[in-house]
Amino acid sequence: MAFPMLRSTVTLAPNAARGMATLKDIETRLKSVKNIRKITSSMKMVSAAKYSRAERALKPARVYGTGAESLYTKNEFESGEDKIILAISSDRGLCGGVHSGLGKAIKAANLEKPVTKTIIVGDKAKMILQRTMADTFLATFNNVGKKPASFTDAINVAEEVLSHEADTVDIVYNSFVNVVSYNTTTKPIPGVASIEANDAIYNYDEVDSEVLKCYQEFTLANIVYHSIREQECSEQSARMNAMENATRNAGEMIDKLTLQYNRTRQAVITRELIEIISGANALE
């Protein structure tokens with residue numbers, strides 16, 4: 001009578017091992033998703049704090065930037081054929097479609113009319129455009145987004161732009177609207193030659209080319225700083241929303257895995273009870 005019992009034990013072991021392996025896999029995956037939820041939840045809180053700081057810093061920058069743009073928005077200037085595209089992004093990801101939207105806008109402009117000169121701020125935009133437009137790069141800036149931007153950073157970018165001859169500079173960046181939305185914006189800034197050709201500049205006083213050059217340098221630095229601040233605020237709000245969605249999705253996955261784990265464990269226990277009862281009946 002011991003021989004059938006040994007046969008029953010040998011049959012039970014592989015089934016139990018298979019059941020326990022499945023439970024172990026689910027448990028490992030459940031633990032992994034819980035760790036991911038902790039990370040995304042922490043990143044959401046960090047992004048929320050950075051977003052608050054970025055929004056506060058945007059308000060004064062927007063005042064100066066809007067004031068600097070008033071000359072260009074209230075007067076008409078010739079755009080010219082020679083154009084530089086200045087793309088404002090950062091080095092950091094995990095923020096939804098913030099950087100890809102910039103890449104799409106610049107690629108669309110390139111299809112409409114070939115772009116020959118590009119200056120890139122941030123590695124993300126550089127990676128997106130490098131395959132198709134690397135030959136147009138005049139300069140690139142990295143280490144962007146790791147800490148809040150300063151006016152010195154904007155001056156460095158403006159000096160690089162002004163070191164190249166162009167009729168117009170198109171600044172492409174994400175304009176912050178609210179915590180859940182932003183708009184990819186292209187802002188054309190005329191060159192010194194286009195400003196000198198406009199008679200409205202000389203209505204009130206005689207202005208020589210040196211004064212216009214100094215004015216162009218200062219206003220361009222203000223506009224670039226404003227654009228960087230807009231991009232920074234849009235990026236932080238998008239990252240906060242992305243991490244919130246990731247945390248919610250991880251929670252839903254945890255619920256599904258927990259249900260699957262409980263069902264699998266119950267099935268394994270039920271199968272083992274059936275095999276034990278069947279073995280006991282066979283001994284009678």
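Residues numbered from 1 in each chain as written. Predicted model: local features only at pLDDT ≥ 70, side-chain atom pairs only at ≥ 80, totals over all residues. Heavy atoms only, no water.

**Q** I'm lost on unusual backbone geometry in this one. Help?
**A** The phi torsion of most residues other than glycine is negative, and most of the peptide bonds are trans. Even without glycine at this site, Leu94 takes up a positive phi of about 55°. Looking at the secondary structure, you find Leu94 in the loop between β1 (83-88) and α2 (98-112). At Asn143, a position not held by glycine, the phi torsion is positive, near 55°. With respect to the element layout, Asn143 can be found in the loop between β3 (137-141) and α4 (151-162). (Helix = DSSP H or I, 4+ residues; strand = E, 2+ residues; numbered from the N terminus.)

**Q** Would you mind showing me how to read the sheet that holds strand β5 (residues 181-190) here?
**A** Whenever strands of a sheet pair, they do so through backbone hydrogen bonds, lying parallel or antiparallel. Reading across from one edge, β3-β2-β1-β4-β5 is the order of the 5 strands in this open sheet, with mixed pairing throughout. The open sheet has two free edges, formed respectively by β3 and β5, since each of these has just one partner strand. Within this sheet the neighbouring strands show an average axis-to-axis angle of 20°, counted without direction. Pairing geometry for β1 and strand β4 (residues 168-178), over 5 bridges, is parallel. Of the residues in β4, the one forming a bridge with Ile84 is Val169. Its contacts with the sheet put α2 on β1, β4 and β5, and the angle it makes with β4 is roughly 145°. Here α4 sits on the sheet and contacts β1, β2 (118-121), β3 and β4; the angle it forms with β3, its principal contact strand, is near 170°. (Pairing = 2+ DSSP bridges. Axes fitted to C-alpha atoms, helices over the stretch in contact; angles between N-to-C directions. Contact = heavy atoms within 4.5 Å.)

**Q** Any chance you could explain the side chain of His99 here in plain terms?
**A** For His99, the location among the structural elements is in helix α2. In terms of polar contacts, His99 uses its side chain to reach the backbone carbonyl oxygen of Arg92, at 2.7 Å. (Polar contact = N/O pair within 3.5 Å; in protein donor to acceptor, adjacent residues only side chain to side chain.)

**Q** What should I look at first to understand the packing of α2 against helix α3 (residues 123-133) in this one?
**A** Helix-helix packing is described using two parameters, namely the angle between the two axes and the distance between the axes. Interhelical geometry of α2 versus α3 gives an angle of 30° and a closest axis separation of 9 Å. One element, α2, and the other, α3, form an angle in the roughly parallel class. Considering only the axes of α2 and α3, their crossing is right-handed. Across the interface between the two elements, His99, Ser100, Gly103, Ile106, Lys107 and Asn110 from α2 touch Lys124, Ile128, Leu129, Thr132 and Met133 from α3. (Parallel < 35°, antiparallel > 145°, perpendicular 65-115°, else oblique. Left-handed = near helix turned anticlockwise from the far one by under 90°.)

**Q** Honestly, the nonpolar core in this entry has me stumped. Any pointers?
**A** Buried together is how nonpolar side chains tend to be arranged in soluble globular proteins. In this structure, Leu86, Ile171 and Val224 are the most contacted members of the largest nonpolar core, which totals 30 residues. Those elements that provide at least two residues to this core are α1 (2-73), β1, β2, α4, β4 and α6 (209-283). Of all the elements, α6 adds the most residues to this core, at 7 residues. With residues near it in sequence (within four places) discarded, Leu86 still touches Ile119, Val121, Val157, Val161, Val169, Asp170, Ile171, Val172 and Val224. Membership of the second largest hydrophobic core comes to 11 residues, among which are Ala87, Val115, Leu129 and Met133. (Core = buried A, V, L, I, M, F, W, Y, C linked by side-chain atoms within 4.5 Å. Buried < 20%, exposed > 50% of the residue type's maximum accessible area, 1.4 Å probe, protein only.)

**Q** In this structure, what is going on with the pairing of β5? I would like to understand it.
**A** It is a general feature of regular strands that their side chains alternate between the two faces of the sheet. Judged from the 10 bridges that link them, β4 and β5 form a sheet pairing that is antiparallel. The residue bridging Ser175 from the neighbouring strand is Asn183, located in β5.

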